[in-house]
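The residues making up each chain are set out below.
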Amino acid sequence: MNRPVLSSSAVRLPARSTRRTLSAALLGGLLAAALLGTTLSATAAEPAAWPDRPVKIVVPFPPGGAADVYARLVGQKLAEATGNRQPIVIDNKPGAGGIIGTDVTAKSPADGSTFLMVTIGHAVNPFMYSKLPYDTRADFVPVGVVAEVPSVIVTGPALKDKSLKDLLAMARAKPEEVQYGSSGVGSTSHVGAALIESMAGVRMTHVPYKGAAPALQDVMADRVPLSVDIITSSLPMVMSGKLNAVAVTGAKRAPKLPNVPTVAEAGIPGYEFVSWYMLLAPAKTPRPVLEQVNAELRKLAALPEFRTRIEDTGGQVITTTLPQANDYLNAEFTRWAKVVKDRNIKAD
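Residues numbered from 1 in each chain as written. Predicted model: local features only at pLDDT ≥ 70, side-chain atom pairs only at ≥ 80, totals over all residues. Heavy atoms only, no water.

1. Some words on the overall build of the chain
We apply this condition: Strands here are runs of E lasting at least two residues and helices are runs of H or I lasting at least four, both read from the DSSP assignment and numbered beginning at the N terminus. Here's how the labels work: a residue is buried when its accessible area is under 20% of the maximum for its type, exposed when over 50%, partly exposed in between, all with a 1.4 Å probe on protein chains only. Contact criterion: two residues are considered in contact whenever any of their non-hydrogen atoms come within 4.5 Å of each other. Each accessible area is a Shrake-Rupley result for a 1.4 Å probe, and residues are judged covered by the shown protein chains and nothing else.
When you go through the chain residue by residue, the secondary structure sums to 12 helices and 10 strands. Per-residue burial for the chain yields a buried fraction of 47% across its 348 residues. The contacts in the chain between residues at least 6 apart in sequence include a share of 78% that link residues at least 24 apart. Accessible surface, the chain: about 17,400 Å² in total, of which carbon and sulfur atoms supply 56%.

Pasting the structure below:
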């Protein structure tokens, strides 16, 4: 069988320079592929931007209160700011002075899917209760302060035109006979009044109610002489003339009540008390998530619409970094530990 004969010109090996060029090209391609693979692997390993799953903000109080109002506003604006990638819902878990909802959050996954809106009670409870189902300091990390809201000392018709000095004189003349109503043991209205007692050196009798509404109803009916109530809930009744505003508790006069003096102006120098609202997260929540949510909160604070909504409730927008939020909460723990001890406030 005759085989075809290939001439030397039919198949030619590449010249040495061409072989070097091809080798370099092949090596370059392999390196590019390796680098691409490395980049893709690194990208895949990076955490997704928050939120990467549905988010809930637990409110340890009933719907309708200031904590609930602010949580809903923050949730709405955070969802909008992050392009509505994931739903952000409000989960009301009221009961036991905020303990039930706080406990739920402490036991939730620390993955950026759960946050907690708290107020002063969070800093009061560890000193007021002998035992809690969570560690108030170790189980949570502050994400940012949202707002501060002053309270207002209010009285009913029988004490119309009475000043704070008049009320303090009554309390000094008859220790423990003057009563004040609050929305519950350890509530904002309770500790605000307790601070007045502590700083003014008077003793009144605390009458706790299940919420601000029934307490204010009894003040309006003169069944209880006074209450130190957050301006958010008492302002409508003050504006309608059903309650008398004696003094506001903030360092400055409230824009909504410009003619009402501060407690410091009216008779207790140095007195300052505001209810604060802070977003917390389970303690082991990833730092990048905390930083992103804090950054979003600070952006919200600059939005005119957000500021207006807070101010319409009588509050003031507060902006903090993560370290500032932590310092803020620690200072509140220190402050209320002293007041609780001075006034011997116990819940159990």
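2. Quick look at the pattern of salt bridges
This is how the line gets drawn: Only one rule defines a salt bridge in this text: a Lys or Arg side-chain nitrogen within 4 Å of an Asp or Glu carboxyl oxygen.
Overall, the coordinates contain 13 salt bridges when judged by the stated rule. Ionic pairing is found between Lys 77 and Glu 305, a salt bridge with its closest N-O pair at 3.0 Å. Here Lys 77, found in helix H2 (residues 66–81), pairs with Glu 305, found in helix H11 (residues 304–312); they are 228 residues apart in sequence, far enough to count as distant. The partner of Arg 223 in a salt bridge is Asp 218, and the shortest N-O contact between them spans 2.8 Å. Given the relative accessible area of 55%, Arg 223 is considered exposed. The class for Asp 218 is buried, based on a relative accessible area of 15%. Overlapping salt bridges, with partners in common, bring together Asp 52, Arg 53 and Asp 111 in one network.

3. Let's talk about the pairing of strand S1 (residues 55–59)
Test applied: Strand pairing requires that DSSP identify at least two bridges connecting the strands. With the strands aimed away from the viewer, a crossover counts as right-handed if its path from the first strand over the helix to the second runs clockwise.
Counting buried positions over the 5 residues of S1 gives 4, a clear majority of the element. Strand direction decides the pairing type here: S1 and strand S2 (residues 88–92), joined by 5 bridges, are parallel. Residue pairing in the sheet places Val 58 in a bridge with Asp 91 of S2. As for the winding sense of the linkage, the β-α-β connection from S1 through H2 to S2 is right-handed. Both S1 and strand S3 (residues 114–118) contribute to a ladder of 3 bridges, which runs parallel. Its bridge partner being in S3, Val 58 is matched across the sheet by Leu 116.

Just distances and angles here, no functional claims.
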